[in-house]
Amino acid sequence: MNWTIESRAFAVDAILSRAPVLPVLSVDSVEQGVQLAQTLVAAGLPVLELTLRTAAALDALRAMVKAVPGAVIGAGTVLDAEQLQAVAEAGAAFAIAPGCTETLYDAADAADIPLIPAIATASELMRGMERGHSRFKFFPAVAAGGIATLKAFAGPFAQVRFCPTGGIDAASAPGFLALRNVVTVGGSWMVPGDALAAGDWPRIAALARACVQA
């Protein structure tokens, strides 16, 4: 696809602006992924990031896309060109990387879905802008300076918007969302590990609804 900096920004904004929080998910089975997606979408969080951290991730992605038409499902922890191609073929609407390399930037130029690369420093951000991007994951958000760093970025990089992820919880999310250069925040606090393992969908739904209300 012939991406421009404007078309990339439009595509990413159209996805990430649909909800204030982007749940970052890791699932151990197809069934778990489908049930989790159904729960989160019904609770008001339609945009999901399914990380490629488990053996079941790609199969779960395919099943979630097919079984939950109201979801906008992206793939996270995309590390290389092969993974970017694989998640696009599996039906992902977007991809997110925890950083970015020149090879991955090259692959993003040819991909049919938008890639959201991650940055943690001003130099990484400037390189991403040189490569035609203006929407980034800010990761690891809290460890990289959190709200203070994003405020500092707002001056010299006024056209850039972020999805901060990493160390954000229900208490800190509103502070990030109040920043004018933040589109949405990513996190997993609405899907506690014990609740996911137990299949406690009502608890997960309640935490997801709280994200929407906040």
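Residues numbered from 1 in each chain as written. Predicted model: local features only at pLDDT ≥ 70, side-chain atom pairs only at ≥ 80, totals over all residues. Heavy atoms only, no water.

Peer 1: For this particular structure, what's the right way to read the overall build of the chain?
Peer 2: When helices and strands are counted, the chain shows 10 helices and nine strands. At 16 Å, the chain has a C-alpha radius of gyration in line with the 17 Å of a compact globule built from 214 residues. Oriented by its inertia axes, the alpha-carbon framework of the chain measures out at about 45 × 35 × 25 Å. Burial analysis of the chain (214 residues in total) assigns 51% to the buried set. Relative to all contacts within the chain whose residues are 6 or more apart in sequence, the contacts with residues 24 or more apart total 61%. Mean positive and mean negative side-chain charge positions of the chain (14 and 18 charges, respectively) differ by 8 Å. (Helix = DSSP H or I, 4+ residues; strand = E, 2+ residues; numbered from the N terminus. Rg over C-alpha atoms; globule rule 2.2 N^0.38 Å. Buried < 20%, exposed > 50% of the residue type's maximum accessible area, 1.4 Å probe, protein only. Contact = heavy atoms within 4.5 Å. Lys, Arg positive; Asp, Glu negative; His and termini not counted. Charge placed at Lys NZ, Arg CZ, Asp CG, Glu CD.)

Peer 1: Before we go on, may I ask you to explain the pairing of strand E7 (residues 135–138) in this structure?
Peer 2: Because side chains alternate across E7, one face comprises the buried residues Arg135 and Lys137, and the other comprises Phe136 and Phe138, equally buried. For strand E6 (residues 118–119) and E7, the ladder comprises two bridges, and the chain directions are parallel. Bridge pairing links Ala118 to Lys137 in E7. In the classification by handedness, the crossover that spans E6, the intervening helix H6 (residues 122–130) and the parallel E7 is right-handed. Examined bridge by bridge, E7 and strand E8 (residues 161–164) share four bridges and lie parallel to one another. If you follow Phe138 over to E8, its bridge partner there is Pro164. For the handedness criterion, the β-α-β arrangement of E7, helix H7 (residues 146–154) and E8 is classed as right-handed. (Pairing = 2+ DSSP bridges. Right-handed = clockwise from strand over helix to strand, strands pointing away.)

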